[in-house]
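Summary of structural features
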Amino acid sequence: MMSGETAVAAAAGVERCLVSAAAGVEGVAPGALLGFRPGEPRGFWAREGRWFAHLGAAAEVRVAPSAAGSGDRFRTAWAQARGLRVPSGRERGPGRPPPPPRFFGGFSFLADHQAEGVWEAFPPARFILPELELQGEGERGTLLTLRRIVPPGADPARHEAELGEELDLLREALGNRTGRPLTRSPGPGALSEETDAAAWGRAVERILGELGEGGVSKVVLARALSLQAEDRVDPVEVALTLWRQNPGAHVFYFEPVAGQALVGAAPETVATVRDGRFSATAVAGSVGPGRCEEERRALAGALLASEKDRREHRLCVQDMVERLLPRAREVRARGEPRVLSLPAIQHLETVIEAELEPGETILSVLEALHPTPAVCGLPRDRALDLLREEEPFQRGWYAGPVGWFDTKGNGVFAPALRSAVIRGRDWRLFAGAGIVAGSVPEQEWEETRIKFQPILQALAGEEG
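Residues numbered from 1 in each chain as written. Predicted model: local features only at pLDDT ≥ 70, side-chain atom pairs only at ≥ 80, totals over all residues. Heavy atoms only, no water.

Considering the arrangement of structural elements, one finds R418 in the loop between strand 22 (411–415) and strand 23 (419–423). The side chain of R418 is buried and forms no salt bridge, while E268, the nearest opposite charge, is found at 5.4 Å. One polar contact links R418 to H347, side chain to side chain, over a distance of 3.0 Å. Not counting residues up to four positions away in its chain, the partners in contact with R418 are V263, G264, A265, P267, I345, H347, Y398, F430, K451 and I455. (Helix = DSSP H or I, 4+ residues; strand = E, 2+ residues; numbered from the N terminus. Buried < 20%, exposed > 50% of the residue type's maximum accessible area, 1.4 Å probe, protein only. Lys, Arg positive; Asp, Glu negative; His and termini not counted. Salt bridge = Lys/Arg side-chain N within 4 Å of Asp/Glu carboxyl O. Polar contact = N/O pair within 3.5 Å; in protein donor to acceptor, adjacent residues only side chain to side chain. Contact = heavy atoms within 4.5 Å.)

Structure representation (structure tokens):
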């Protein structure tokens, strides 16, 4: 029923043991774990039937601004995580062995990001190795993993046995939980624009002028909404509602400090790596979902036929492929995009696949790809300059890569799009639009309005 595994962690020159135990559980939903011990770090990551919920912190990876220079934060995060070295181990029973240690968290959009204000709990990079991790994956069932770092010189076998007994008690306690009550605001609260339509129009017109002069070919401009809830709204329930409402989206929720969280639902992945195989989805070009199936199909056809949207999409695919080539072989991208239909919006999408060169990891690939044209623009440096000048707010982790990685270099990261950062009752929502030749300010404003809808509906507790 249960198995254990020992890892050695190097911290400040002192070797420590990470002891793990895992067991299958039945009928335990993610909300049961996330509400189990209030006040502890927690998170939720899902796409359709595959999900992770985690609680507590056995260890943490954190990169401060002083160590977050260009590319350094990805390498620093990997080096810290590699302090956990997992030997071959041995099964201690007939059950499933624990998975490799997984670190959940993400990176800010900009390397020089300062963790302050609503972003106080979110430095340039922050990841948590959970004490408790619950994984669900379709017919494979649900796996509960318990991890703990024990003192130097301790006997791992004794701690494994103790951890196994504790895991049995946790399985029983979680199995008796029926879920968590919804905590909803009686109204939407005070919603305000941080970017008004006139300022948005001026910013888009300036970018279009740069496009006409050849300075840039695309800039992804974002805007923000501020909301003060009339009462406490539990971000876990918002995340679980997003998961139910948005099949096909990558739902993320990360609360490293009680009361400070990031939640959202992205349409794409920046990178997925599994045993050296890379995949990602390039997503750019958008249209509404339509009010019925016939209208949805018509809008999808118009999107496929739109030269403006296909040009925006092509820029994204080409840049991602070029940045992958030094780190991979057999890079493959489909010649024609397809339409990704989500409940609130439709996009052009192209799947990119590759075989990574030896030694490459999910974090080294992220270092090469982030920020992609889908969240920033092209050329990257000039687009970043324009965003610094035209966006009247700090992006923080908005549009940065969020997800998880393990000590074998595998992982999944999505851009933190269609998202909100929460601090107490204060919520700040973000959405963006790609500005290219042919963009119209009013139409791009409307695109961002559509992109705000999923999280606004989830905040209101609407089920579709």
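There is more to say after this.
Topologically, V238 is positioned in helix 5 (residues 235–245). On the accessibility criterion, V238 (0% relative accessible area) is buried. Put simply, V238 and V263 are 25 residues apart on the chain and 7.8 Å apart in space, counted from C-alpha to C-alpha.

Here we take up empty space enclosed by the protein. Using the criterion set out here, one finds 3 cavities of 30 Å³ or more in the structure. Put simply, the largest cavity is a space of about 200 Å³. Along its surface, the largest cavity is lined by 23 residues, and A374, L417, R418, G432 and K451 are the ones closest to its centre. Elements supplying a minimum of two residues to the lining of the largest cavity: strand 12 (218–228), strand 16 (277–287), strand 24 (426–435) and helix 10 (441–459). For the lining of the largest cavity, a count of residues per class yields 11 nonpolar, 5 polar and 7 charged. There is about 90 Å³ of room inside the second largest cavity. (1 Å grid on protein atoms, 1.4 Å probe; cavity = no way out; pocket = protein on both sides within 12 Å on 5 of 7 lines; lining within 4 Å. Points joined across faces, edges and corners; volume = space filled by probe spheres on them. Nonpolar A, V, L, I, M, F, W, Y, C, P; charged D, E, K, R; others polar.)

A few words now on the packing of helix 5 against helix 10. In contact at an axis separation of 8 Å, helix 5 and helix 10 are set at 125° when each is read in the N-to-C sense. As far as their axial angle goes, helix 10 and helix 5 are oblique. Of the two possible hands of crossing, helix 5 and helix 10 adopt the one that is right-handed. Together, V238, T241, L242 and Q245 of helix 5 and P454, I455, Q457, A458 and L459 of helix 10 make up the contact between the two elements. (Axes fitted to C-alpha atoms, helices over the stretch in contact; angles between N-to-C directions. Parallel < 35°, antiparallel > 145°, perpendicular 65-115°, else oblique. Left-handed = near helix turned anticlockwise from the far one by under 90°.)

So, about the pairing of strand 14 (residues 260–266). When you tally the buried positions in strand 14, you get 7 out of 7 residues, the bulk of the element. The side-chain alternation of strand 14 yields two buried faces, one formed by Q260, L262, G264 and A266 and the other by A261, V263 and A265. Pairing between strand 13 (residues 250–257) and strand 14: 6 bridges, direction antiparallel. Its bridge partner being in strand 14, F254 is matched across the sheet by L262. (Pairing = 2+ DSSP bridges.)

Along helix 9 (residues 380–390), the residues classified as buried are R380, A383, L384, L386 and L387. Across the axial projection of helix 9, the buried residues extend over an arc of 160°, all falling on one side. Elements that come into contact with the buried residues of helix 9 comprise helix 4 (197–213), strand 12, helix 7 (307–324), helix 8 (362–369) and strand 20 (377–378). (Arc of directions from axis to C-beta.)

On to the layout of surface pockets. By volume, the largest pocket amounts to about 1100 Å³. Forming the boundary of the largest pocket are 48 residues, of which R50, T272, R274, W404 and V412 lie nearest the centre. For the lining of the largest pocket, the class distribution of residues is 23 nonpolar, 10 polar and 15 charged.

Let us look at the environment of Y398. With respect to the element layout, Y398 can be found in the loop between helix 9 and strand 21 (401–406). Between the C-alpha atom of Y398 and that of L429, which follows or precedes it by 31 residues, the distance is 9.1 Å. Here Y398 is in contact with F109, W119, A222, A416, L417, R418, S419, F430, A431 and G432, once residues within four sequence places are set aside.

The next thing to look at is the pattern of salt bridges. A complete count under the given rule lists 38 salt bridges for this structure. Where E40 meets R37, a salt bridge forms, and the shortest distance between an N and an O atom there is 2.7 Å. Among the residues examined, E40 registers a relative accessible area of 23% and is labelled partly exposed. Among the ionic pairs, E133 bridges to R102, the shortest N-O distance being 2.3 Å. One end of the pair, E133, is in strand 9 (residues 132–137); the other, R102, is in strand 7 (residues 102–107), and 31 residues separate them in sequence. Across the pair, R102 and E133 agree in class, each one buried. Within this structure, R37, E40, E131, R148 and E166 form a network of salt bridges that share partners.

Let's shift gears to the nonpolar core. The biggest cluster of nonpolar side chains holds 47 residues, and the ones touching the most others in it are F44, L134, V238, L242, V263, W427 and L429. Counting 43 residues, the second-largest nonpolar core is a separate cluster that includes I128, A222, A266 and F393. (Core = buried A, V, L, I, M, F, W, Y, C linked by side-chain atoms within 4.5 Å.)

With that settled, the discussion passes to the packing of helix 4 against helix 9. Between helix 4 and helix 9, whose axes approach to 11 Å, the crossing angle comes to 155°. On the basis of the axis angle, helix 4 is roughly antiparallel to helix 9. Between helix 4 and helix 9 lies a crossing whose hand is right-handed. Every residue of helix 9 that contacts helix 4 at A203, R206 and E210 is listed here: R382, L386, E389 and E390. Of the residues contributing to the contact of helix 4 with helix 9, the split by class is 2 nonpolar, no polar and 5 charged.

Taken as a whole and assessed by the stated rule, the structure comprises 22 aromatic pairs. Ring centres of F44 and W51 lie 6.4 Å apart, and the angle between their planes is 40°; this geometry places the pair in the tilted category. Residue F44 is classed as buried on the basis of its relative accessible area, which comes to 0%. Ring centres of F122 and F254 lie 6.4 Å apart, and the angle between their planes is 70°; on these two criteria the pair is classed as edge-to-face. Taken together, the positions of F122 in the loop between strand 7 and strand 8 (125–129) and F254 in strand 13 put the pair 132 residues apart, joining distant regions of the chain. A relative accessible area of 0% places F122 in the buried class. The rings of W45, F52, F104, W119, F122, F254, F393, W397, Y398, W404 and F430 are connected pair by pair, giving a single aromatic cluster. Positioned above the aromatic ring of W404 is the side chain of R102, whose terminal nitrogen or guanidinium carbon lies 5.2 Å from the ring centre. (Phe/Tyr/Trp six-rings, centres within 6.5 Å; stacked < 30°, edge-to-face > 60°. Lys NZ or Arg CZ within 6 Å of the ring centre and 35° of its normal.)

Read these as layout, nothing more, since geometry by itself doesn't imply function.
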